[in-house]
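Residues per chain, in single letters:
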Amino acid sequence: MKVKATLKQIAKELNVSVSTVSKALNDSPEISEQTKIKIKEYAKLKNYKPNVIGLNLKNRKTKTIGVIIPNILNSFFAKVFSGIEKVAEQKGYNVITCISNESLAKEISALEILSNGTIDGFILSVSEEAQTLQDYSHFTDIINDGTPIVMFDRIADGVECDKVIVDDYNSALNATQRLIDLGCKNIALFSSVDNLSVGKLRTDGYLKALADNAIAINPTIVLRTDSEEDLKNAIAKIPQDQSIDAIFALEEIDTVAALKFGLKNGYKIPEELSIIGFADGILASRRLTPSVTTVSQHAPEIGERAAQLLIDRLESKEEELPYKTIVINTILKERESTRS
């Protein structure tokens, strides 16, 4: 039994773009007759079978964007979504949202269901399981089939698509440097996201700040875990004789854990213990007492820029529009958990 060829394989063999192959197979007037004949004959030779229903649906724009987020309980993703929805509404697009719940299978299912003519393109943040397994083939399959993707925050470096990120590395470096400038010397790291790309980048920034200031790494207070529960267990094992004077927390739940640790162990905050958290969520920044100094990622702006990138690509008349990576700068919002 012959294996059916894909658009990408045909394009590679004939040294043309995927878009050119797709247009040739659909008798587009933009492609010369000679090229059409060449591509059609090769496609027939390689047993290529187009999905006629899918092609017809894709040729008819739905003016709908699919958004896939890993965790609806994370306020960061909710804020990003608000930015996506704002731009989509301004441009006359509808939005369909799916939650992957950090599951690779659910992420794949959402892509497959919505890409069958339901939406024109995707905006998404990669699930935890996909990043842990480094499995991104489902993204490239969708892109090669003609449906564009814009990734934000958690991205897959090996996938060629538009991306919107924050500078996690330098943001963490600057936040840690701020703690050092305040006089802190024994700075703990609380991370429940060490299995994610953003967690690794933030940790690297923290470690670089320590190295730049000739501060030795204290492994007993560098807590690199993959979940909230694992972090809780690691915190419980911190020796009582550790004179921690600051904590850099890499996620909102890590920030809450840092504040609980300080209060439980009788630290005066911020006089004896300063805390900086990553992600400017409502819980960490304003609903806790004392309020926590945070690295603000400008989540709504991330959503706005991602939506604009996708819509620009959907409405572009250029056959090969270069992919872009937009980097959003963060700011440090100082509150009651750091010294003046």
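Anything mentioned here points back to the structure above.
One structure accompanies this document, and this report is about it. This one's a predicted model, so the numbers in the text were calculated from it and none came from an experiment.

Quick word on the sheet that holds strand S2 (residues 94-99)
One open sheet holds the six strands; their spatial order is S2-S1-S3-S4-S5-S11, and the pairing between them is parallel. On the outer flanks of this sheet lie S2 and strand S11 (325-328), each paired with one strand and no other. Averaged over all neighbouring strand pairs, the angle between strand axes comes to 15°, with direction disregarded. When strand S1 (residues 64-69) meets strand S3 (residues 121-124), the two strands line up parallel, connected through four bridges.

Points about the sheet that holds strand S7 (residues 222-224)
Taken in spatial order, the six strands of this open sheet run S7-S6-S8-S9-S10-S12, and their pairing is mixed. Two strands lie at the open edges of the sheet, namely S7 and strand S12 (331-333), each paired on one side alone. Each neighbouring strand pair of the sheet contributes to a mean axis angle of 20°, computed without reference to strand direction. Sheet topology note: the strand S10 (residues 293-296)/S12 ladder contains three bridges and is antiparallel. Note that in S12 the partner of threonine 294 across the bridge is lysine 333. Strands strand S6 (187-191), S7, strand S8 (246-249) and strand S9 (274-278) of the sheet are contacted by helix H10 (residues 197-212), whose axis makes an angle of about 175° with S6.

Describing the pattern of salt bridges
Following the criterion strictly, the structure yields 13 salt bridges and no others. The salt bridge involving arginine 154 is made with glutamate 102; its shortest N-O contact spans 2.7 Å. Of this pair, arginine 154 sits in the loop between strand S4 (149-152) and strand S5 (162-166) while glutamate 102 sits in the loop between S2 and helix H6 (104-114); the two residues are 52 residues apart in sequence, bridging distant segments of the chain. The same class applies to arginine 154 as to glutamate 102, namely buried. Across the salt bridge formed by lysine 208 and aspartate 212, the nearest N and O atoms sit 2.7 Å from each other. Pair noted here: lysine 208 and aspartate 212 are both in helix H10, with a separation of four residues, about one helical turn. With relative accessibility at 35%, the residue lysine 208 sits in the partly exposed group. Aspartate 212 sits in the partly exposed class, given a relative accessible area of 46%.

Here's the deal with helix H1 (residues 7-14)
Buried within H1 we find Leu7, Ile10, Ala11 and Leu14. The buried side chains of H1 occupy one side of the element, clustering within an arc of 100° when seen end-on. Exposed and oriented more than 90 degrees from the buried face of H1 are Lys12 and Glu13. Looking at the buried residues of H1, the elements they touch are helix H2 (18-25), helix H3 (33-45) and helix H8 (137-144).

Points about empty space enclosed by the protein
Considering all chains together, one arrives at two cavities of 30 Å³ or more under this definition. Volume-wise, the largest cavity comes out at about 50 Å³. Taken together, Asn74, Phe76, Phe77, Asp153, Arg154, Val198, Arg202, Glu251 and Gln297 make up the full set of residues lining the largest cavity. When residues of the lining of the largest cavity are traced back to their parent elements, those giving at least two are helix H5 (75-90) and H10. Looking at the lining of the largest cavity residue by residue, the classes come out as three nonpolar, two polar and four charged.

The rules behind each value
Residues numbered from 1 in each chain as written. Predicted model: local features only at pLDDT ≥ 70, side-chain atom pairs only at ≥ 80, totals over all residues. Heavy atoms only, no water. Pairing = 2+ DSSP bridges. Helix = DSSP H or I, 4+ residues; strand = E, 2+ residues; numbered from the N terminus. Axes fitted to C-alpha atoms, helices over the stretch in contact; angles between N-to-C directions. Contact = heavy atoms within 4.5 Å. Salt bridge = Lys/Arg side-chain N within 4 Å of Asp/Glu carboxyl O. Buried < 20%, exposed > 50% of the residue type's maximum accessible area, 1.4 Å probe, protein only. Arc of directions from axis to C-beta. 1 Å grid on protein atoms, 1.4 Å probe; cavity = no way out; pocket = protein on both sides within 12 Å on 5 of 7 lines; lining within 4 Å. Points joined across faces, edges and corners; volume = space filled by probe spheres on them. Nonpolar A, V, L, I, M, F, W, Y, C, P; charged D, E, K, R; others polar.

All quantities given are derived from atomic positions and should not be read as evidence of function.
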